[in-house]
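One letter stands for each residue in the lines below.
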Amino acid sequence: DGLPSVVSVTRDITERKRADEMLRENELRFRTISELTSDLIYSCEQDAGGPYRIDWMIGNSEQVLGCPVATIMQMGCWKPLVIPADVPVFSAAISELLPGQSSRVTLRLQFRDSEVRHFESVARAEAVAGRPERHRLFGTLRDVTDRRRAEIALEESEAHYRVMYEASQDL
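Cut-offs applied
Residues numbered from 1 in each chain as written. Predicted model: local features only at pLDDT ≥ 70, side-chain atom pairs only at ≥ 80, totals over all residues. Heavy atoms only, no water. Helix = DSSP H or I, 4+ residues; strand = E, 2+ residues; numbered from the N terminus. Rg over C-alpha atoms; globule rule 2.2 N^0.38 Å. Contact = heavy atoms within 4.5 Å. Core = buried A, V, L, I, M, F, W, Y, C linked by side-chain atoms within 4.5 Å. Buried < 20%, exposed > 50% of the residue type's maximum accessible area, 1.4 Å probe, protein only. Phe/Tyr/Trp six-rings, centres within 6.5 Å; stacked < 30°, edge-to-face > 60°. Salt bridge = Lys/Arg side-chain N within 4 Å of Asp/Glu carboxyl O. pLDDT = per-residue confidence, 0-100. Pairing = 2+ DSSP bridges. Axes fitted to C-alpha atoms, helices over the stretch in contact; angles between N-to-C directions.

Asker: Outline the overall build of the chain, supporting the account with residue identities and numerical values.
Answerer: The helix and strand inventory of the chain stands at 5 helices and 5 strands. Along its sequence from the N terminus, the chain presents helices and strands in the succession α-β-β-α-α-α-β-β-β-α. Its C-alpha atoms give the chain a radius of gyration of 26 Å, clearly above 16 Å, the size a compact globule of 171 residues would have. In terms of principal-axis extent, the alpha carbons of the chain reach across some 120 × 30 × 30 Å. Considering only contacts in the chain between residues 6 or more positions apart, those separated by 24 or more positions represent 46%.

Structure follows, in structure tokens:
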């Protein structure tokens with residue numbers, strides 16, 4: 001008929017826009033909480049039985065561990081900071097976790113080349129959705145050195161007074 005035709009397709013993207021906005025809000029919330037934490041929070045990934053390697057870490061690692069995040073990321077793991085006597089505990093409670101397993105353990109780490117500090121580690125392993133050969137480990141590290149020192153001082157004090165009490169019974 002010779003008349004030009006116009007074809008128009010319209011799609012309602014309201015739901016997609018809402019989902020995008022919710023995602024941005026959740027990312028901002030997560031980033032803000034992560035930046036405010038006094039702990040270190042990390043994520044590692046493991047390929048088919050290989051070692052876990054850190055792929056994400058946030059927190060003030062300079063203050064908490066005495067070295068920057070970039071250094072820890074280059075090492076691939078914070079295991080090199082664990083004192084040798086605690087490495088078997090690290091292995092059993094963290095690097096050997098299987099999907100569905102979790103742990104809470106206190107470890108001693110070398111801090112700034114000299115001082116040994118106590119850290120509580122909480123970790124949980126998960127399977128990566130759609131990729132059963134890959135595992136993901138989520139974890140936190142919290143410096144509990146002051147608490148541990150107070151516990152040791154209390155134990156020593158109790159032992160001292162127990163000895164004194166038992167000696168006074170003999171008199």
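Asker: Describe the nonpolar core, listing the residues and the values that go with them.
Answerer: Formed by 26 residues in total, the largest nonpolar core has its most connected members in Tyr 42, Leu 65, Trp 78, Ile 94, Leu 109 and Leu 137. At the level of secondary structure, the elements contributing two or more residues to this core comprise strand S1 (40-47), strand S2 (53-58), helix H4 (87-95), strand S3 (102-111), strand S4 (115-128) and strand S5 (131-143). Setting aside residues no more than four positions away along its own chain, Tyr 42 makes contact with Trp 56, Met 57, Trp 78, Ile 94, Ser 121, Ala 123, Leu 137, Phe 138, Gly 139, Thr 140 and Leu 141.

Asker: Summarise the packing of aromatic side chains; cite the residues concerned and give the values.
Answerer: All chains considered together, the criterion is met by 2 aromatic pairs. Relative to Trp 78, the ring of Tyr 42 has its centre 6.0 Å away and its plane inclined at 70 degrees; by these criteria the two rings are edge-to-face. A residue pair is termed long-range when its members are at least 10 positions apart, and Tyr 42 in strand S1 and Trp 78 in the loop between helix H3 (69-75) and H4 qualify at 36 residues. According to the relative accessible area criterion, Tyr 42 is buried, its value standing at 1%. Of the residues examined, Trp 78 reaches a relative accessible area of 1% and is grouped as buried.

Asker: Which residues make up the environment of Gly 50, and what are the values?
Answerer: Along the chain, the position of Gly 50 falls in the loop between S1 and S2. Residues Gly 50 and Ser 95, 45 residues apart in the sequence, show an inter-C-alpha distance of 10.0 Å.

Asker: An account of the environment of Glu 25 is requested, with residue identities and associated values reported.
Answerer: Topologically, Glu 25 is positioned in helix H1 (residues 14-36). Between the C-alpha atoms of Glu 25 and Leu 137, which are 112 residues apart in sequence, the distance is 25 Å.

Asker: Explain the pattern of salt bridges to me, and be specific about the residues and the numbers.
Answerer: Under the definition given, this model contains 15 salt bridges. For the salt bridge of Arg 108 with Asp 86, the shortest nitrogen-to-oxygen distance reads 2.7 Å. With a gap of 22 residues between them, Arg 108 in strand S3 and Asp 86 in the loop between H3 and H4 connect regions that are remote in the sequence. Taking the relative accessible area as the measure of exposure, Asp 86 reaches 8% and is therefore buried. Arg 117 serves as the salt-bridge partner of Glu 115, at 2.7 Å between the closest nitrogen and oxygen.

Asker: With reference to specific residues and values, describe the confidence of the model for the chain.
Answerer: Residues of the chain with pLDDT of at least 70 account for 95%, and the chain-wide mean is 85. By mean pLDDT, the top-scoring element of the chain is H4 (93), and the lowest-scoring one is helix H2 (residues 61-64) (78).

Asker: Help me get a handle on the sheet that holds S2, residues and values and all.
Answerer: Spatial ordering of the open sheet is given by S2-S1-S5-S4-S3, a layout of 5 strands whose pairing is antiparallel. Only two strands of the sheet have a single partner each, and these edge strands are S2 and S3. Between one strand axis and the next, the sheet turns by 25 degrees as a mean value, whatever way the strands run. Across 8 bridges, the pairing between S1 and S5 is antiparallel. Looking at S5, one finds that Tyr 42 is bridged to Gly 139. Strands in contact with H4 are S1, S3, S4 and S5; relative to S3, the strand with the most contacts, it is inclined by about 140 degrees.

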